[in-house]
Amino acid sequence: MRSLFLSLFFVLGTLSLLGQSITDLRAKKVNTAQVIKYTSSLLQEARKNEKASLGKLQLLNSQIQNRNQFIGGIESQIQVLNVYIAENTEVSKMLKADLDGLRKEYAAMIRFAQRNKNSYDALLFLLSSENLNQAYKRMLYLRQYAKYRKSQVEIIQAIDTLLKEKIVSLEHQKKQKADLLAEKSTETKQLEGEKLLQRKQVQELQKQQRQLRKKLREQQKQQEELDREIERLLAEEARKAREKGQFEMTPEQKLLAADFEKNRGRLPWPVERGVITERFGVHAHAVLKNIKVKSNGIEITTQKGSEARAIFDGVVSRVFAISGGNMAVIIRHGSFLSVYSNLKEVHVKAGQKVKTKQEIGAIFSDSADGNKTILKFQVWKESEKMNPEIWITK
C-alpha cells in the first residue's frame, strides 16, 4: 500500500502538470484559430480581385504559417495526451492490481472469520489466557482485527471508486485524442489547398517581375525617406536640447520610457485587428529570386476602413507626407519612438499628447491592389531600429 500511494503521489503530480500544459496549448490554439479565421476573411475579400497580387500572396504566406502553427499545436496536444493516457493506464493497472490483492486478502479474512464466528470460541480464546495481561492483549487483538476488517472494506471501496474514475478519465482522453487526430487531418487538407493556391499565385506573379521590381524600388525609396525624416527629427531634438542646455530626458520622459520598457511584449497592436504580412529585418522576397528585402518595421494587413492607433501614451513628434507613400505619424514615448505610415488622413498634430489605443489616422486602402489595407509600423529606441513584434502582444 505504501508503494502504491507513493507512486500515485508522483503520477498524479505529473498529471497535474500535464493538465496545465494542455490548458496552455488549448489557449494558444484558440488564439491561432482566431487569427486564421480573420486572415480567411481578408483573403475572401482579396479574392474578389481575380488578378494575382503581392498583397494576396503575403496574406496566403501568413495564413500558411499560422495554419502550420495551428497543426503544430494540435500535434503538441496529442503528444501531451499520449503521456497522459500512458500515465492513466499505468495508474489504472496499479489500482486494479492492488484492488485484486486487497479483495483476495479480505476474502481470506472473511473465510477465517466464518470458521471462527462462534462467540464461544472467542470467549474460550480469552479464558485460555495464562494471565490477565495476556487476556487483555487478546481482547485488544480481537477488537483491532474487527476494526481492520472494517478499514479493509473502506480501502477497497475507495480504490474501486478511484479506479472507476480513472477508467472514465482514460476513455475521455482517448476520445480527445481521436478528435484531435480528425481535426489535424482536416487542417492538413486545408493547408495543402492553401499551398496549391500559393504556388499558383507565385507562378502568376513571376510573369510580372518588371512591375514587382519597380514596386520594390518605390517601397525602398519610401522607406529611405521615412528613415531620413526620423533621423532629421532626432537630430533636430538633439540640437534643441543642446540650445536649452538639456542633455537628459525630463523626469516625465524618463517615467514614460520606463513604463514603455516595462510593457515590452504587452503593448496593444497599432490596429484593432490585423495580420502581420511583412516582418522586420532582412529576408528573401516573396516572389523575386535572389532578391533580399530589408524592412525596418512590420506591415500589418487589416480591413478596409481601419484606423491606426497609438500603442502607448506619448507626444506626437511629427506628422508628414512621404512621396508616393501617403502620411506618417511619429509618436515619442520618452526615449522610444513609434512610427505609423501609409495613412490616408491623420487625426492628430505635432505636440499633441495621445493616449494608449487613441486613433491617430485612417489607413490607406489601395484600390489598384484589391483594396489592400496595410499599416506600416516601426519602433525605434532613439536611433536604434527595434523589432516591433517583440513589443506588441502576441
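To start, this report covers the structure provided alongside it.

Moving on, we get to the overall build of the protein chain. When helices and strands are tallied, the protein chain shows six helices and 13 strands. Looking at the protein chain residue by residue over its 394 residues, the buried ones come to 39%. Long-range pairs, those at least 24 residues apart, make up 73% of the contacts in the protein chain with a sequence separation of at least 6. For the protein chain, the accessible area works out to roughly 22900 Å², and carbon and sulfur atoms hold 53% of it.

Turning our attention to the packing of aromatic side chains. Aromatic ring pairs are defined here through the distance separating the ring centres and the angle between the ring planes. This model, assessed by the stated rule, comprises five aromatic pairs. Arranged with centres 5.2 Å apart and planes meeting at 65°, the rings of Phe336 and Trp391 form a pair that is edge-to-face. Here the residue Phe336 occupies a position in strand S8 (residues 336-346), and Trp391 occupies one in the segment after strand S13 (384-386), the gap between them amounting to 55 residues. By relative accessible area, Trp391 is classed as buried at 1%. A ring pair is formed by Tyr340 and Phe377, whose centres lie 5.4 Å apart and whose planes are at 45°; its orientation type is tilted. A residue pair is termed long-range when its members are at least 10 positions apart, and Tyr340 in strand S8 and Phe377 in strand S12 (residues 372-381) qualify at 37 residues.

All chains considered together, the criterion is met by 15 salt bridges. Residue Glu183 pairs with Lys29 through a salt bridge whose shortest N-O separation is 2.7 Å. With Glu183 in helix H4 (residues 132-205) and Lys29 in helix H1 (residues 2-46), this pair connects stretches of sequence that are 154 residues apart. Accessibility expressed as a relative area gives 17% for Lys29, which makes it buried. Between Asp259 and Lys262 there is a salt bridge whose closest N-O contact spans 4.0 Å. Of the two residues, Asp259 and Lys262 are both situated in helix H6 (residues 251-262); the distance of three residues between them amounts to about one turn of the helix. Judged by its relative accessible area of 27%, Asp259 falls in the partly exposed class.

In this section: unusual backbone geometry. Backbone geometry places Asn290, a non-glycine residue, at a positive phi of 60°. Checked against the element boundaries, Asn290 lands in the loop between strand S2 (281-284) and strand S3 (292-295). Using a relative accessible area of 82% as the deciding quantity, one classes Asn290 as exposed. Phi is positive for Glu382, which is not a glycine, with a value near 55°.

With that settled, the discussion passes to the pairing of strand S6 (residues 314-322). Sheet topology places S6 next to strand S9 (residues 353-354); two bridges connect them, and they run antiparallel. Bridging from a neighbouring strand, Val315 pairs with Lys353 of S9. As defined by bridge partners, S6 adjoins strand S7 (residues 326-333) across seven bridges and the pair is classed as antiparallel. Pairing of Val316 across the sheet is with Ile331, part of S7.

With that out of the way, let us pick up the nonpolar core. Membership of the largest hydrophobic core comes to 27 residues, with the highest contact counts inside it found for Phe260, Ile311, Ile331, Tyr340, Ile360, Leu375 and Phe377. Looking at this core, the elements that each hand over two or more residues are H6, strand S4 (298-302), S7, S8, strand S10 (359-363) and S12. Setting aside anything within four residues of it in sequence, one finds Phe260 in contact with Leu267, Ile311, Phe312, His333, Phe336, Val379 and Trp391. Membership of the second largest hydrophobic core comes to eleven residues, among which are Phe320, Ile322, Ile330 and Val339.

Next up on the list: the environment of Leu233. Turning to its location among the elements, Leu233 is positioned in helix H5 (residues 209-243). On the basis of relative accessible area, Leu233 is assigned to the buried category, the value being 3%. With near-sequence residues (within four places) excluded, Leu233 lies in contact with Ser317, Arg318 and Ile330.

On to the environment of Arg67. Assignment of secondary structure puts Arg67 in helix H2 (residues 54-115). Along the chain, Arg67 and Gln190 lie 123 residues apart, while their C-alpha atoms are 8.4 Å from each other. Those residues in contact with Arg67, other than ones at most four positions away along the chain, are Ile36, Glu187, Gln190, Leu191 and Glu194.

Take Ser295: it is sitting in strand S3. In this structure, the C-alpha to C-alpha distance between Ser295 and Val282, residues 13 residues apart in sequence, is 6.3 Å. Residue contacts for Ser295: discarding those within four places in its chain leaves Gln223, Glu278, Arg279, Phe280, Gly281 and His283. Of note is the side chain of Ser295, whose polar atom sits 2.7 Å from the backbone oxygen of Gly297.

The rules behind these values
Residues numbered from 1 in each chain as written. Predicted model: local features only at pLDDT ≥ 70, side-chain atom pairs only at ≥ 80, totals over all residues. Heavy atoms only, no water. Helix = DSSP H or I, 4+ residues; strand = E, 2+ residues; numbered from the N terminus. Buried < 20%, exposed > 50% of the residue type's maximum accessible area, 1.4 Å probe, protein only. Contact = heavy atoms within 4.5 Å. Areas by Shrake-Rupley, 256 points an atom, 1.4 Å probe, with all protein chains shown as cover. Phe/Tyr/Trp six-rings, centres within 6.5 Å; stacked < 30°, edge-to-face > 60°. Salt bridge = Lys/Arg side-chain N within 4 Å of Asp/Glu carboxyl O. Pairing = 2+ DSSP bridges. Core = buried A, V, L, I, M, F, W, Y, C linked by side-chain atoms within 4.5 Å. Polar contact = N/O pair within 3.5 Å; in protein donor to acceptor, adjacent residues only side chain to side chain.

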